[in-house]
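# Overview (structure and organization)
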Amino acid sequence: MNTPAAPESEARAHLLVGALQAALAYILYETARRGAWPATEAAAFMPLFLLMALAPLGFYLASAAPLQRRVAIALGVGALALAIGAYHGLTVGGLAERAREQGPFREEDYLRPTFVLGLALMVAVPAAAVAREGRVRYEPWFDALLHNTLLLAQGGLVTGLFWLVMFSAAALFRLVRLPFLGELIERGEFWIPATALVFSYGVSLAVTQRTVARFLFERLTQLCGWIYPLAGALGVAFVASWLVQGVEPLLQTRRAAFLLLWFAVLCVLLVNASSRGGLDAPRYPRWLRRALSTGLLVLLPMVAVALYALGLRIGQYGWTVDRLWGLFVAIVVAVFALGYALNAVAEWLGRAERCLVPATNAVAAAVVVLGILALLGGAIDPRRVSVNDQLQRLARGTSDEQDPIRYLAREGGVFGRRALQALAADDPVFGGVPAARQALARDALSDPKTRRERLAERLRALPVFPPDATAPPALLEALARDGGLPGACEAQTCLIWRLPPEVLGDGAYALLARQAPGARDAGGARIWRADEHGQWAVRGHLPGQGLDTNCAPQAGHQALFDAVREGRVELLVPPGRDLGVGGLRFPVQRWNGARDCG
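Our subject in this report is the structure included herewith. (Residues numbered from 1 in each chain as written. Predicted model: local features only at pLDDT ≥ 70, side-chain atom pairs only at ≥ 80, totals over all residues. Heavy atoms only, no water.)

### A short note on helix 5 (residues 138–175)
Every α-helical turn comprises 3.6 residues, leaving residues that sit three or four positions apart pointing alike. The terminal C-alpha atoms of helix 5 lie 56 Å apart, and with 38 residues this matches the ideal 56 Å at 1.5 Å per residue to within 8%. Phi turns positive one or two residues past the end of helix 5, at R177, with a value near 60 degrees. (Helix = DSSP H or I, 4+ residues; strand = E, 2+ residues; numbered from the N terminus. Expected span 1.5 Å × (residues − 1).)

### Focus on unusual backbone geometry
Here the residue pair W37 and P38 is connected by a cis peptide bond, since its omega of 10 degrees sits within 30 degrees of zero. Note on placement: P38 falls in the loop between helix 1 (7–34) and helix 2 (42–61). The peptide bond linking F465 to P466 adopts the cis configuration, its omega dihedral lying at -5 degrees. Its location among the elements puts P466 in the loop between strand 1 (464–465) and helix 20 (473–482). Phi at R177 is positive, roughly 60 degrees, even though this residue is not glycine. A positive phi angle, close to 65 degrees, is found at C551, a residue other than glycine. Residue classification places C551 among the partly exposed positions, given a relative accessible area of 37%. (Buried < 20%, exposed > 50% of the residue type's maximum accessible area, 1.4 Å probe, protein only.)

### Description of the environment of L161
In this structure, L161 sits in helix 5. Residue L161 is classed as partly exposed on the basis of its relative accessible area, which comes to 46%. Taking the C-alpha atoms as reference points, L161 and V198, separated by 37 residues in sequence, lie 10.0 Å from one another.

### Some thoughts on the nonpolar core
With 85 residues, the main nonpolar core has L54, L299, W325, Y340 and I372 as its most contacted residues. At 11 residues, the largest contribution of residues to this core is made by helix 2. When residues no more than four places from it in sequence are discounted, the contact partners of W325 are R112, V116, I372, L375, L376 and P382. (Core = buried A, V, L, I, M, F, W, Y, C linked by side-chain atoms within 4.5 Å. Contact = heavy atoms within 4.5 Å.)

### Comments concerning helix 3 (residues 67–91)
For helix 3, which comprises 25 residues, the first-to-last C-alpha distance of 36 Å matches the rise-based estimate of 36 Å (1.5 Å per residue) to within 8%. Taken residue by residue, helix 3 has R70, I73, A74, V77, G78, A81, I84, G85, Y87, H88, G89 and T91 as its buried positions.

### Details of a nonpolar patch on the surface
On the surface, L172, F173, L175, V176, L178 and F180 cluster together to form a nonpolar patch covering roughly 610 Å² of accessible area. For the nonpolar patch, the element with the most residues is helix 5, which contributes three residues. Among the structural elements, L172 can be located in helix 5. (Patch = residues over 30% accessible without salt bridge, like charges linked within 9 Å, V, L, I, M, F, W, Y side chains within 5 Å. Areas by Shrake-Rupley, 256 points an atom, 1.4 Å probe, with all protein chains shown as cover. Salt bridge = Lys/Arg side-chain N within 4 Å of Asp/Glu carboxyl O.)

As structure tokens, this is what we get:
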């Protein structure tokens, strides 16, 4: 057994790690604020950012290992962070929709891999810390995993209390016209090192004095033990409701996959927190233990419906980075669901209670780590996969070519840029690119200012209805900044409509297209209106689908477009603000909510 280091040496080691993290964080902060290298180069900034955030995390998460091994693990984590950061920095190259002053990449370009790789480290580093002779025993690994969770929570708690005291004291000093403390804590050279050092010291307290962590763990398991039966009962009731009303209402929310997977992950966390990963003796009566174990079977239909909902969205709009990550989460949850289902069957056959929970958790942990490394490390790059799929959507034909073109520009990274360049150059590999698609690709490749100028020119050429109306120049500028002009928009297929004042007040406009821009908004249009300061913003939404006399939605974007051109749009009562065309009601959605059919 390892002899723990003395509290003084632990504190010094953690403060040293915090100081190194603070120094690198301040350098990155200052270069980003001043627009200097390396903040101007993604291939330099991103690996340094991941190194700054994750190498100390690796040291903290290896708390179950001797100090020397912790240093080695932190160095290994730093090398991994540099490698993945360099890969992402070299493959970012994406074009944002608007100009950015901070640098040639977005915050999510480095925050997402930092967060996701951090989750993989939460699972993998404790295994490396407790490994003995190349083998990892489940119990010490899971205990280290739980302890690390509480360790980071305690560090965050100490840091939060520190800043609560600092901000409270600053407010007191301002009362007597002494703003020095408030000004100090707003300076990067103070708050960055202060945060890093206080957090590292809070972690060192959790490592050397485990009484608080043990108390928090006992309370956590107790609370989760109370909540877990409630979550299980609600999950069973929710799945049982499908027998009455089916899953169609759930799918219509367009958030079914996210909500189902979120609830399933929550159930998995409660199961493991309340039973220490299946290691602790059950806390409930036998009938309740059997019911809870069997109740976990509902995770299987939940995952199945989540995968079905995700498949529907992929079939409609193709692969995206978010959907690929969603599929990965669904696979991990499916591993848990299948393992816990087999565990329930084993218990009914007379095996020991929760006999398969540890094995299930170990397999799922391996899937998590290997999957994240494959997705982040380039073996299965979600950007490359999604770009290839969006190109296939374009080749098959889509109602709105601007949607996949925008995706290539904003989310495709260097893969999207190369695809846009090939489209703009009419690369023979595509078998002939239509002129309109080439123009969209050139627009996406141009700088934001040039793109806005081209959009503004096209907007000025559109007709405005009623015939006596004019489009304010500030509105055209706002529409150009928004970049929401359909790709095939011309004077015959698009128009700018000044809505009747009864709908949303004077000076409300909408950009209508006769051809539905795409299934995502069902041909709808956003309603723009200036505020009292002359700033144009979206104030409502005009649906592309109308409601018939039975409140059933019907495609109506073309009828509405033609009615606007011919002056045949009616105001319906009640409520006197909805629009009527050819027997269809178009309920206008406003900032305070949408009206119903009635």
